[in-house]
Amino acid sequence: MSRYILQRLIHTVLVILGISVISFTFMHLSGDPVGLILPQDATHEQIEALRREMRLDDPIYVQYMRFLTSALQGDLGTSIYTREPVVRLIQERMPATLELALAALFLSLIVAIPIGVLAAVKRGSWLDTISMTFALFGLSMPHFWLGIMFIMVFSVQLGWLPTSGRGTLAQLVMPSLALGLSLIALFARLTRSAMLEVLGQDYVRTARAKGVSEVMVVGKHALRNALIPLVTAVGMEFGFLLGGAVIIETVFAWPGVGRLVVQSILDRDYPVVQAAVMMLAIVFVSVNLIVDLLYAWLDPNISIKGGSK
Amino acid sequence: MSIFKSWATAAIAVLALAGGSVSALAEAKTLVVVQSGEPVGLDAMQNNLQHSLNVAFNIQDRLFDPLEDGGVAPGLAESWDFPNDTTLVVRLKPGLTFHNGEPVNAESVRFSFERLMDPDLASPHAGRMSQIESVKVVDDLTVEFLTKAPFAPILHLMSYYLPIVPPVATAAAEKDAFNRMPIGAGPYKFESWERGGDVVLAAFDGYWGGAPEYEKVIFRTIPEESARVAAFVTGEADIIEGVSVRSQQTIEKSGKGTLTDSMGVMPYVGLNTLEGPFTDQRVRQAVNYGVNRALIKKALFNDRGLLAAGPISPRTFGANLELEPYAYDVEKAKALLAEAGYPDGFETTLAYPTNMTQIQEQAQAIAADLELIGVRAKLEPLDRSVMWEKYKGREHEMYIYWWDDNPEPDRYVYSLFHSNSRDYYYKNPETDAALDNGRSTIDRDKRAVIYSEIDRAMYEEAPWLYLYIIPETYAVSPKVDFVGRRDGFLFVRFAKPNGA
């Protein structure tokens with residue numbers, strides 16, 4: 001087990017390092033921010049002076065090493081525009097992103113699990129067909145489109161919910177639903193197939209044969225075991241939610257990290273983009289790591305397999 | 001029991017009514033402005049992005065108040081004069097204070113100028129103020145500015161880019177903290193800013209023009225246009241910025257507001273006059289005759305905006321209004337090309353930055369027109385920073401760029417055509433001399449004549465393919481009286497509740 005943990009840790013560090021190289025290179029290859037920082041009427045002397053001052057005229061690997069050295073000392077740099085430490089800018093936005101991701105996750109789980117269970121128990125019935133068709137719709141609809149449609153229907157036509165912003169529960173409804181809908185679909189399908197598999201197991205048959213009530217069979221014996229694959233999916237999806245929130249945050253003007261990243265990419269605010277990508281990557285990879293370890297702990301078979309690789 | 005119930009009901013009704021009327025009253029005094037991009041900072045000295053300055057200019061006032069025609073009116077200054085061409089003496093209004101109570105005096109003006117020029121602050125406006133050599137405090141309310149050479153645009157530039165800040169509070173704050181919570185002497189005080197969310201400003205009683213009509217102004221950001229328009233249509237927003245042609249129709253049809261034009265942008269097709277086919281003036285004129293700019297403007301921009309004849313926008317002071325925009329004339333264009341030695345036309349490239357409004361459609365329309373006269377332009381859509389790199393590297397043959405439709409001609413004509421500023425695609429000693437003359441002539445009428453001549457010369461020389469000026473459009477709620485400004489900034493003190 002400890003060898004497995006060590007392996008996974010090394011793996012995690014390598015992934016984070018790889019991401020830092022890739023994001024750094026791409027961001028820098030896409031052009032320098034000086035032309036955007038200075039006003040239109042700046043002369044070329046002023047432009048070149050600022051480039052030198054920002055040390056953008058160094059070769060890219062020198063710039064990367066500089067970034068890495070200070071990053072390892074906990075300094076991810078300063079925003080080009082606000083001149084504030086980027087870590088602070090991201091920390092400010094993190095609660096909003098987490099709130100949205102957790103709300104979407106919560107919403108999707110409370111809807112998806114009952115749907116999945118019902119669909120599995122009533123397999124082949126109209127209920128199964130309807131819920132699985134709905135699930136397919138949910139999976140295929142783009143977040144962006146869904147978000148706009150929600151605004152058009154619930155804010156503009158019906159006037160029930162505010163169009164955007166953060167602060168009240170009413171403002172959380174549409175973005176979390178738009179973000180969570182595809183998850184409902186995913187989790188419902190996952191629950192259904194896991195339930196179907198479990199319901200066919202010997203111990204379920206035994207429980208039924210012993211005369212345990214159907215509610216107990218499904219709710220206790222089957223569901224508990226069917227939830228194990230769901231744990232992995234939730235862990236993975238949570239990472240995607242943090243990243244996928246970029247679009248939803250933009251549509252609903254949600255003040256999260258995603259929107260900060262989009263704005264900073266447009267402004268070529270390298271340090272912010274770089275740090276945000278790194279922090280999202282670290283969260284993503286850490287969640288993955290935790291899920292893997294949790295899974296290994298839940299099911300010892302996995303750690304043995306992992307360890308023998 | 002029933003008596004008690006009816007009393008309770010009545011009490012609740014009264015409470016509800018009272019609550020309702022109070023909130024309605026508060027609402028009437030609050031203005032919600034929604035922008036498409038987020039401010040990155042609120043200290044006008046440290047920021048140049050429009051979305052930041054739109055907020056910051058309401059907080060930090062300047063010596064002069066900018067006028068629509070590029071001139072200036074008194075701001076914090078009461079009066080001013082030029083004892084000679086390089087000296088500007090400014091007298092401040094007496095008794096003014098900043099939001100924190102510090103006095104607005106000559107010392108604060110000197111402090112503000114020195115802060116702006118401090119390399120440590122790296123103000124984007126330092127270049128704009130670089131003509132000022134020194135600032136001297138004459139007495140408590142009088143300041144003297146010395147310029148290196150006679151520099152006519154100085155008043156205009158100072159009316160935007162030299163915000164006056166309180167010395168004690170500013171010096172005591174870290175620059176990033178001041179950028180978050182700025183102090184000034186403008187019509188609105190900074191109240192709060194939840195990053196990514198609302199910036200809240202409150203009316204300042206001590207403003208020289210009196211407290212503004214709205215007690216509270218909320219600046220909000222909604223990047224996605226359809227969501228922004230939805231917020232407007234539902235009444236959540238009173239003024240929204242960034243309304244494209246498509247949404248303009250939605251808003252007009254909804255009956256929920258009106259449109260107002262603000263400063264426009266002046267897109268143009270730059271031509272490389274230093275290498276290749278566009279070194280020949282006839283070729284440059286040919287492409288000017290070869291594009292149906294009037295039709296493009298009509299088809300893509302609902303016919304809002306103006307046609308450009310030369311480089312100076314027809315609304316700008318100094319524009320030569322006798323000039324007629326190049327007519328659309330395919331035959332003439334072909335004849336000029338043949339004369340220049342290109343009877344069968346030629347292949348070229350047309351680069352453009354993808355962040356411009358409706359740029360794809362514009363570029364396609366321009367290229368399609370040019371094809372008809374034999375100029376086969378390959379389209380090169382580029383990300384804005386890549387575009388900029390290539391622009392500086394003189395890698396373009398034809399390129400679409402834009403400039404703000406600015407009320408001061410020196411701001412753009414000098415920046416784009418003087419070889420001291422940018423000489424990537426054009427260089428002409430005669431133009432340089434005329435531009436130098438334009439900026440060093442203090443007398444406004446004489447200046448107008450100089451720019452009018454520059455406009456004519458550039459019309460004929462045709463270093464650009466001139467296009468049009470497209471306004472930036474805002475939507476305004478019927479509850480609000482607000483007209484977009486020529487300079488494009490949201491000075492919200494001019495907004496009033498309708499009927500007030």
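Further up the page is the structure itself.
Residues numbered from 1 in each chain as written. Chains lettered and ligands numbered in written order. Predicted model: local features only at pLDDT ≥ 70, side-chain atom pairs only at ≥ 80, totals over all residues.

Visitor: Pulling in residues and values, what's your account of the overall build of chain A?
Guide: Counting its secondary structure elements, chain A contains 13 helices and 0 strands. Counting from the amino terminus, chain A carries its helices and strands in the arrangement α-α-α-α-α-α-α-α-α-α-α-α-α. With the C-alpha coordinates of chain A rotated into their principal frame, the extents come out at 85 × 60 × 25 Å. Taking all 309 residues of chain A together, 38% fall into the buried category. (Helix = DSSP H or I, 4+ residues; strand = E, 2+ residues; numbered from the N terminus. Buried ≥ 20, exposed ≤ 12 C-beta atoms within 10 Å, placed from the backbone.)

Visitor: Please give an account of the overall build of chain B that cites residues and values.
Guide: Along its length, chain B carries 16 helices and 20 strands. Here the C-alpha atoms of chain B give a radius of gyration of 26 Å, agreeing with the 23 Å that 2.2 N^0.38 yields for 500 residues. Projected onto its principal axes, the C-alpha positions of chain B cover 100 × 65 × 40 Å. Each of the 500 residues in chain B was classed as buried or not, and the buried ones make up 48%. Taking the contacts inside chain B whose residues are at least 6 apart along the sequence as the reference set, 69% of them involve residues at least 24 apart. (Rg over C-alpha atoms; globule rule 2.2 N^0.38 Å. Contact = placed C-beta atoms within 7 Å.)

Visitor: Run through the pairing of strand E8 (residues 188-193) of chain B, naming residues and quoting values.
Guide: Along any regular strand the residues' side chains alternate between the sheet's two faces. Alignment of E8(B) against strand E9 (residues 199-203) of chain B, held across 5 bridges, turns out to be antiparallel. Along E9(B), the bridge assignment pairs B:Ser192 with B:Val200. (Pairing = 2+ DSSP bridges.)

Visitor: How would you explain unusual backbone geometry if you had to name every residue and give the values?
Guide: Residue and element names in this part refer to chain B. Phi at Asn302 takes a positive value of approximately 55°, unusual for a residue other than glycine. Mapping Asn302 onto the fold places it in the loop between helix H10 (293-301) and strand E13 (306-307). Judged by the 15 C-beta atoms lying within 10 Å of it, Asn302 is partly exposed. A positive phi angle, close to 50°, is found at Ala462, a residue other than glycine. Position of Ala462 relative to the elements: it lies in the loop between helix H16 (444-461) and strand E17 (464-466). By C-beta crowding, Ala462 is classed as buried, having 23 other C-beta atoms within 10 Å.

Visitor: Can you tell me about the environment of A:Ile115, naming the residues and giving the values?
Guide: Residues and elements named next belong to chain A. Within the element layout of this structure, Ile115 appears in helix H5 (residues 86-121). The buried category is assigned to Ile115, around which 23 C-beta atoms lie within 10 Å. Spatially, the C-alpha atoms of Ile115 and Arg192 are 8.0 Å apart, while their sequence positions differ by 77 residues. Contact partners of Ile115, with chain neighbours within four places excluded, come to Ser131 and Ala188.

Visitor: Break down the interface of chain A and chain B for me, citing the residues and quoting the values.
Guide: Listed as interface residues are 42 residues of chain A and, on the opposing side, 37 residues of chain B. Mapped by element, the contributors of at least two residues to the side of chain A that touches chain B are helix H2 (34-37), helix H3 (44-53), H5, helix H7 (143-157), helix H10 (214-251) and helix H11 (257-267) of chain A. Residues of the side of chain A that touches chain B, tallied by class, amount to 18 nonpolar, 15 polar and 9 charged. (Nonpolar A, V, L, I, M, F, W, Y, C, P; charged D, E, K, R; others polar.)

Visitor: With reference to specific residues and values, describe the environment of B:Arg447.
Guide: Residues and elements named next belong to chain B. Of note, Arg447 is situated in helix H16. Note: C-alpha distance between Arg447 and Gly318 (129 residues apart in sequence) is 7.2 Å. Not counting chain neighbours up to four residues away, the residues in contact with Arg447 comprise Ala152, Gly318, Gly438 and Thr441.

Visitor: Summarise the sheet that holds strand E5 (residues 87-92) of chain B; cite the residues concerned and give the values.
Guide: To summarise the sheet geometry, strands pair through backbone hydrogen bonds and adopt either a parallel or an antiparallel arrangement. All names here are of chain B. Reading across the sheet, the 4 strands line up as E4-E5-E7-E6 and stay open at both edges, with antiparallel pairing between neighbours. The open sheet has two edge strands with one neighbour each: strand E4 (77-84) and strand E6 (132-139). The sheet shows a mean angle of 20° between the axes of neighbouring strands, taken without regard to direction. When E4 meets E5, the two strands line up antiparallel, connected through 5 bridges. If you follow Asp81 over to E5, its bridge partner there is Val89. Here helix H3 (residues 106-117) sits on the sheet and contacts E5, E6 and strand E7 (142-147); the angle it forms with E6, its principal contact strand, is near 165°. (Axes fitted to C-alpha atoms, helices over the stretch in contact; angles between N-to-C directions.)

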